[in-house]
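Coordinates in review
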Amino acid sequence: MANNFQPHQYLRRYLIALAVIWTALIAFSIFWNFKQARKEVLFMAKAAAVHAFQKDVLYRRWAAIHGGVYVPVSKLTPPNPYLSNIPERDVVTSSGRRLTLINPASMSREVYSMAKAQSGQYVFQSHITSLRPLRPENAPDPWERRALKQFSRGGKVEVFSVIHRRGSSFLRYMHVLKVKQGCLKCHAAQGYKLGDTRGGISISVPLKEFYAIQAWQYRPFIAFHFLIWLVGIAALLLGGSKMVKLLSRQEEMAGKLLESEERFRRLLEYAPVPMAMINHDGAIDFINQKIVSTFGYRLRDIPSLDKFWFKVCPDADDRRQSIGRWQSLVDEARAGNREIKEAEYHLTCLDGSRRIVKIYGTVLEDVSILVFNDITRVVEAEKEKKYLEEQLRQAQKMEAIGTLAGGIAHDFNNILTAILGFTSLAIDEKDSGGELESYLQEVMAASNRARELVRQILTFSRQHEQQLQPLRIQFVCKEALKFLRSTIPSTVEIKQNIDTQCPLVLADPTQIYQVVINLCTNGYHAMRDNGGTLVISLDTVEGMEYELARKFHLEQGLFVRLTVADTGPGIPRDIRERIFEPYFTTKIQGEGTGLGLAVVHGVVTRCHGAVKVESTLGRGTTFFVYLPVLPEEYTKSTEEPTVDSNAKVELSGHEHILLAEDNPGVLKLHGKILSDLGYEVIGCRDGLQALELFRQTPDQFDLLCTDMTMPRMTGAELAAAVLKIKPTMPVVLCTGFSELINEEEAREIGIARYLMKPVSRELLAQTIRSALDG
């Protein structure tokens, strides 16, 4: 832009124009003065002609008064034939000289002839003429004729003009001649009367000498004007040169200023933060590209602050509050240090999205420069941070619960094993019926509930091993609903909408079964007092809500969605976020453990799914469980799970069993159960004792049944040592809980069967028999 702005070029043109004008003025002055001088020359020439005329008239009048002049007769002055009517024309003097009368006209003619003969010396030429001359030589020439006619018409007594003849210029002057008394002597015969216009005297004044005088006088004038012209041109050149230099410097400074402004504008234009310039009238002069890319608005969309606030704050109350806060900060800046303090605003973009922006800036003389700091991501990051901190606290809580669960699970399961086993034995040895049997059945039921409670604790704390496999959960849902129909009273109507074509997911069927049971039981409890409708739906959906996917760190895709809805009283908003916490329950004491929904959350999370709840007070609650669909390469189908409860298995035997168990009650129980089945059982209180006994007579034993956690030697170490001695030895590992080994690891070291305590009598008998037959 600076290169195109060159005012010194216009100054040069202006100076050239001034020089031309100055030269024209000097030339005009010279020309005008020349014309004036020529007028003066003509005036002087005319004055000379008038003077000559007056002189001629004067001596003609003298001659006329005296009746003429007598001169000797000679060749030059012969008697005038036109005066023959005058008796005294010729006279003879007393001395005998002949004289002839010369009238004024003849006298003038003689004088003019002499002047003409001496034209080189005397430049004036006179001629007496008349429209009715007596003598032919007095006849007028054309110019004189025109002058005489003007005289005859009256009104003029003199005529003059400049004529050019044979390369020379002349001032011709003619003055009228009136008939005087003395003229009648000669001209009365022509009919003239006193006062008539008889003719005129024409005087030709050569202008060459006058022009020469003028030229001689005009040279200093020309020189003076030329000097003035040179001074003016020099002044223009000198002043123009300085002006050009000054303007060049100003131009350079202006160019640098423009370049600086352009750099500043480009700096604003490509600044990494949204910026704008606003004049004090409220018009927005400039916005940079970052504002366009951030908010979507262009300058034509927001030409003024009023339009800006109307666009970014569509809500009237919000707009009024934002404008009031903004105006107070601007007024404070103008009255103080001109710094507009930072303030937070919630602005609406062109696409309808909302952004959290801090606006601050500076008030200058004629504009205000504003910076829009988009802190949306910062706020979201802060929310994410709080969410992650909450997740961390939750995880730490889970870890603490898991540590507690793992610590007590082994001992508690041993206790439950003894309770369940001995209660089962007591029921078998007691005759059917009676109050004692009912009491024992209550003990069994309570023990089974306690066993399920431990399993839920372990599942929730991720201490219980999952068996994830490709699964069609519609079959599991139907199996769970069969069970629910027999346990939920008829005051609660159950509706189902199960899509039998749902694709495969990766899950543990037992835990999915538990999820369905827990969600449905939770819904039933909400409607237990007033009844209602429980709706269970299963379908396939594409994607989920962005916030839900972000919360569970999931990618969008295809999901199998389980929906469980009830028409209960709903969940208040203030406790909705806590319902998945362990041991949090709204039920009265003794009705719930507070683990049902926590287990659901844990199972769904480990299946890489998501769970959410929607609830409206007075209308009910809906739970949504999303499980990701397996890719197409997983084509293995699953059949509907069935339980073969009628299969008859021979459980008795006569084999020798080495039983290793550190808990005396469990050792006694398992020994009693196996002995009753016909097996020969030898029990040991720890693994090292069992290994020493086995080493003595390895062929005596047909199977090893060992606990995992024992003093001096673990069950896994015992199994490894026994298999090293006798590789074909079947081993059954029982554990209340162990972080050291799971079923897969047990199979890798050669263990035939893996059991989790508490173990029922039937399961123990079936496992031992299948291991022996295996």
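Residues numbered from 1 in each chain as written. Predicted model: local features only at pLDDT ≥ 70, side-chain atom pairs only at ≥ 80, totals over all residues. Heavy atoms only, no water.

Observations concerning the packing of helix α17 (residues 687-696) against helix α18 (residues 715-725)
Running from N to C, α17 and α18 point in directions that differ by 10°, and their axes come no closer than 10 Å. Between α17 and α18, the angle falls in the class roughly parallel. Counting all contacts with α17, which are made through Gly 687, Ala 690, Leu 691, Phe 694 and Arg 695, the residues of α18 involved are Leu 718, Ala 721, Val 722 and Ile 725. The class makeup of the residues in the contact of α17 with α18 is seven nonpolar, one polar and one charged. (Axes fitted to C-alpha atoms, helices over the stretch in contact; angles between N-to-C directions. Helix = DSSP H or I, 4+ residues; strand = E, 2+ residues; numbered from the N terminus. Parallel < 35°, antiparallel > 145°, perpendicular 65-115°, else oblique. Contact = heavy atoms within 4.5 Å. Nonpolar A, V, L, I, M, F, W, Y, C, P; charged D, E, K, R; others polar.)

Details of a positive patch on the surface
Residues Arg 145, Lys 149, Arg 153 and Lys 156 make up a contiguous surface patch of positive charge. Among the structural elements, Lys 149 can be located in helix α3 (residues 142-153). Taking the relative accessible area as the measure of exposure, Lys 149 reaches 40% and is therefore partly exposed. (Patch = residues over 30% accessible without salt bridge, like charges linked within 9 Å, V, L, I, M, F, W, Y side chains within 5 Å. Areas by Shrake-Rupley, 256 points an atom, 1.4 Å probe, with all protein chains shown as cover. Salt bridge = Lys/Arg side-chain N within 4 Å of Asp/Glu carboxyl O. Lys, Arg positive; Asp, Glu negative; His and termini not counted. Charge placed at Lys NZ, Arg CZ, Asp CG, Glu CD. Buried < 20%, exposed > 50% of the residue type's maximum accessible area, 1.4 Å probe, protein only.)

What about a nonpolar patch on the surface?
Residues Phe 412, Ile 415, Ile 419 and Val 443 make up a contiguous nonpolar surface patch of roughly 290 Å² in combined accessible area. At three residues, the largest contribution of residues to the nonpolar patch is made by helix α9 (residues 376-429). As for its placement among the helices and strands, Ile 419 is situated in helix α9.

Focus on the sheet that holds strand β18 (residues 610-616)
Backbone-to-backbone hydrogen bonds join strands into a sheet, with any given pair of strands oriented parallel or antiparallel. The strand order across the open sheet formed by five strands is β14-β16-β17-β19-β18, and the pairing between neighbours is mixed. Two strands in the sheet have a free side with no partner beyond their single neighbour: β14 (492-498) and β18. If you compare each strand with its neighbour and ignore which way they point, the axes differ by 15° on average. Alignment of strand β16 (residues 532-542) against strand β17 (residues 558-566), held across nine bridges, turns out to be antiparallel. Across the sheet, the residue bridging to Ser 537 is Thr 563, located in β17. Across the sheet, helix α12 (residues 509-526) lies against β14, β16, β17 and β19 (620-628), angled at about 30° from β17, the strand it touches most. Seen against the sheet, helix α15 (residues 596-606) touches β18 and β19 and runs at an angle of roughly 25° to β19. (Pairing = 2+ DSSP bridges.)

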